[in-house]
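Read off the chains here:
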Amino acid sequence: MQVRKFQLFIDGKFVDSQSGMTFESINPHDQSTVGIISKGDIVDLNAAVAAARAAYDGRWSRVTPGEKARLLNRLADLLEANTDDLSRLESMDNGMPLALSAFSVADAVNVIRYWAGMTSKIHGLTSTAMRPGEFHGYSLREPVGVVGGITPWNAPLMMAVWKTAPALACGNTVVLKPASLTPCTALALANLYAQAGFPEGTVNVVPGSGEAVGSALAEHMDVDKIAITGDHVTGRRIVEMSASNLKTVTLELGGKSPHIIFEDADLDTAVGHALIGLFTNSGQACVAGTRLLVHEAIHDRFVERFIQGAEQIPIGNPLDPSTRMGPLASASQLRKVQEYVEVGKQEGAILCTGGHRPTAPECANGFYFAPTLFTGVDNRMRIAQEEIFGPVGVVIKFRDDEQALCMANDVIYGLAAGLQTKDLKRAHRFASRLQAGTVWINTWHMVEANTPFGGYKLSGYGRENGFAMIEHLTRLKQVWVDLNDSVGDLLGA
Ligand code: NAD
């Protein structure tokens, strides 16, 4: 496989970093080099912010909503036409199976088209006249300015699209800092932005470390907003840094989502959703349903079927179309998962499947780990509370609804939650009482371009997707007009 070279994308041009430094992106399947990437630092970041500011103040502000929509639709068409290349690149860079990476390109296309349609629907309000005939008031909904996007390594292309297309549709310009581990598809996306004809400086992509480029972006006095998807520790640091100029922040952070399986659930469906909820993308999903709360009456049958399903998942080279679980994204993520498995054993949980690396020869050089499940887990254990971000789930038994709800909410995160039951009244009662930004009933992983997505508690704040996102990418300006010539006599002058 040919190693691809990627440069920074600043002011509409692909350029080397000013330091000339590069870094490699590694295929987690066999540790071969996927790409050699120019490594940005603060000097490059400053140039990107300056370009984004100039574009915001100039070119982009003069582009009509119709033209913005046309550009975004052209970008969507280009993504669609390049699905094979993008999904193969994503699979090699991140380890996600081809079936999933192709799905994520299709999803990214939906998001872009949704926001293309939104360009003409962003508007302020006219207030009811409190003093009819005297004053007229209305609000303008304006872009925030330069938006900094910071993305994680687990869904690189999708996150790059979430951080750029909506911000542009709302009239902002963007500087994107992709995760160092998986920067390739964000830079391939930059190429498509250029091909689509977006004006210079509207989108800029600067790969580099979080400490150097990410921090510089978060602290920058000329950046008006940061949208970060990442770990909650990083999120907290970004909030601290954002105080430099009181920029606003949207935080999409981690999760430890409860998936409650009630005694009346259709067992096959519940097991199917539990497997998908936990093992999609090798468990490297912020919304992974990692805490399986299972009613004691069906616990043993559920666990037995879950193990059967887990042991049948086709694991292997992400580029093989039949693969459903690839490797973890990096050696350090594999180590982290292995450490947590040891923690689980030490805590007294029962390892009932997995807990080791697959033995197939094709997995020998990759960061593979088998689907893993612990039973006999107490909700206070670390493996029940901390985000592992790998294919490791825990089963916690419950005896009644109140206990299930209590344990489901007893965690620092609140990104997603789900339940499997035939009792719709119970389902809706739980939906209102679960502390999570998304609740799935008899399904998992549903996220659409037109519905709000985000967290409660340490899973962050702000929402992405849907109309709710406009609130975070724009600000309101109130305009008052005096309809008469009178100045009033407040000062008696
Ligand atoms: P991370 O927090 O380590 O990194 C995320 C991004 O922040 C990267 O681009 C990184 O370089 C940058 N960064 C790191 N330190 C920084 C700093 N000091 N200043 C500025 N930027 C900095 O997260 P990760 O390991 O890449 O991704 C996994 C995490 O992301 C998990 O916690 C996962 O749950 C979360 N995640 C959340 C969502 C969501 O939508 N809520 C989606 C995907 C992943």
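Residues numbered from 1 in each chain as written. Predicted model: local features only at pLDDT ≥ 70, side-chain atom pairs only at ≥ 80, totals over all residues. Heavy atoms only, no water.

Participant: For this particular structure, what's the right way to read the overall build of the protein?
Facilitator: The helix and strand inventory of the protein stands at 15 helices and 21 strands. Relative to the globule expectation of 23 Å for 493 residues, the C-alpha radius of gyration of the protein, 24 Å, shows essentially globular dimensions. Its C-alpha atoms put the protein at 80 × 55 × 35 Å along the principal axes. Sorting the 493 residues of the protein into buried and exposed places 56% on the buried side. Put simply, 74% of the contacts in the protein that link residues at least 6 apart link residues at least 24 apart. As displayed, the protein has an accessible area near 20300 Å², and 54% of this comes from carbon and sulfur atoms. If the 43 positive side-chain charges of the protein are averaged to one point and the 52 negative ones to another, these points end up 1 Å apart. (Helix = DSSP H or I, 4+ residues; strand = E, 2+ residues; numbered from the N terminus. Rg over C-alpha atoms; globule rule 2.2 N^0.38 Å. Buried < 20%, exposed > 50% of the residue type's maximum accessible area, 1.4 Å probe, protein only. Contact = heavy atoms within 4.5 Å. Areas by Shrake-Rupley, 256 points an atom, 1.4 Å probe, with all protein chains shown as cover. Lys, Arg positive; Asp, Glu negative; His and termini not counted. Charge placed at Lys NZ, Arg CZ, Asp CG, Glu CD.)

Participant: How do you make sense of the pairing of strand 8 (residues 173–177) when you look at a structure like this?
Facilitator: Working note: regular strand, side chains alternate between the two faces of the sheet. Buried residues dominate strand 8, accounting for 5 of its 5 residues. Alternating residues of strand 8 divide into T173, V175 and K177 and V174 and L176, and every residue in both groups is buried. Where strand 7 (residues 146–150) lies against strand 8, 5 bridges are found, and the strand directions are parallel. Looking across to strand 8, one finds that V146 is bridged to T173. Each parallel crossover has a hand, and the one from strand 7 via helix 5 (residues 156–169) to strand 8 is right-handed. The pairing of strand 8 with strand 9 (residues 203–205) spans 3 bridges and is parallel. (Pairing = 2+ DSSP bridges. Right-handed = clockwise from strand over helix to strand, strands pointing away.)

Participant: Explain the packing of helix 3 (residues 83–94) against helix 4 (residues 98–118) here, please?
Facilitator: How two helices pack is summed up by the angle between their axes together with the distance between the axes. At a minimum axis separation of 8 Å, helix 3 and helix 4 run at an interaxial angle of 125°. On the basis of the axis angle, helix 3 is oblique to helix 4. Like other packed secondary-structure pairs, helix 3 and helix 4 cross with a definite hand, here right-handed. Judged by residue contacts, T83, L86, S87, R88, E90 and S91 of helix 3 engage L98, S101, A102, S104 and V105 from helix 4. Each residue belonging to the contact of helix 3 with helix 4 can be placed in one class, and the counts come to 4 nonpolar, 5 polar and 2 charged. (Axes fitted to C-alpha atoms, helices over the stretch in contact; angles between N-to-C directions. Parallel < 35°, antiparallel > 145°, perpendicular 65-115°, else oblique. Left-handed = near helix turned anticlockwise from the far one by under 90°. Nonpolar A, V, L, I, M, F, W, Y, C, P; charged D, E, K, R; others polar.)

Participant: How do you make sense of the domain arrangement of the protein when you look at a structure like this?
Facilitator: Think of interface size as the accessible area that goes away when the parts come together; that is how it is often given. When cut into domains, the protein gives domain 1 (4–253 + 460–478) and domain 2 (258–441). Domain 1 and domain 2 are separated by 31 Å when their C-alpha centres are compared. If you look at the interface, domain 1 gives 22 residues, while domain 2 gives 28 residues. The interface formed by domain 1 and domain 2 includes 0 salt bridges. (Domains from an automatic or database assignment. Salt bridge = Lys/Arg side-chain N within 4 Å of Asp/Glu carboxyl O.)

Participant: Sorry, what's going on with the site of the ligand here?
Facilitator: Close to the ligand lie 28 residues, the nearest being T151, K177, T234, L253 and E387. Between the ligand and K177, the relevant distance is 2.7 Å, taken from an oxygen atom to a side-chain nitrogen or oxygen of the residue. Note that a nitrogen atom of the ligand is positioned 3.4 Å from one of the backbone N or O atoms of G210. Relative to its free-state accessible area of 850 Å², the ligand is covered by the protein chains to the extent of 89%. Going through the elements one at a time, helix 7 (210–219), strand 10 (225–229) and helix 8 (232–242) are the ones with two or more residues in the shell around the ligand. Among the residues forming the shell around the ligand, the class breakdown is 13 nonpolar, 9 polar and 6 charged. Here the shell around the ligand spans two domains, and each of domain 1 (4–253 + 460–478) and domain 2 (258–441) adds at least three residues to it. (Near = heavy atom within 4 Å. Polar contact = N/O pair within 3.5 Å; in protein donor to acceptor, adjacent residues only side chain to side chain.)

Participant: What's the story with the pattern of salt bridges in this structure? I'm lost.
Facilitator: Per the stated rule, a full pass over the model turns up 21 salt bridges. Among the ionic pairs, K477 bridges to E142, the shortest N-O distance being 3.1 Å. Of this pair, K477 sits in strand 21 (residues 474–482) while E142 sits in strand 6 (residues 135–143), and the two are 335 residues apart along the sequence. On the accessibility criterion, K477 (40% relative accessible area) is partly exposed. We classify E142 as partly exposed; its relative accessible area is 22%.

Participant: Could you clarify how one ought to interpret the sheet that holds strand 16 (residues 392–398) in this entry?
Facilitator: Each strand in a sheet pairs with another by means of backbone hydrogen bonds, the pair being arranged parallel or else antiparallel. Ordered in space as 14-15-16-13-12-18-19, the 7 strands form an open sheet in which the pairing is mixed. Both outer strands of the open sheet, strand 14 (350–353) and strand 19 (438–441), are each paired with one neighbouring strand and no more. Across the sheet, the mean angle from the axis of one strand to that of its neighbour is 25°, orientation sign disregarded. Two strands pair when backbone bridges link them, and strand 12 (residues 258–261) and strand 13 (residues 291–295) are joined in this way by 4 bridges, in the parallel orientation. Note on strand 13: the bridge partner recorded for I261 is V294.

Participant: Explain helix 1 (residues 42–57) to me, please; I cannot follow it from the model alone.
Facilitator: The α-helix advances 3.6 residues per turn, and as a result positions three or four apart in sequence lie on the same side. Between its terminal C-alpha atoms helix 1 stretches 22 Å, which fits the 22 Å expected from 16 residues at 1.5 Å a residue. Within helix 1, the full set of buried residues consists of D44, L45, A48, V49, A51, A52, R53, A55 and Y56. (Expected span 1.5 Å × (residues − 1).)

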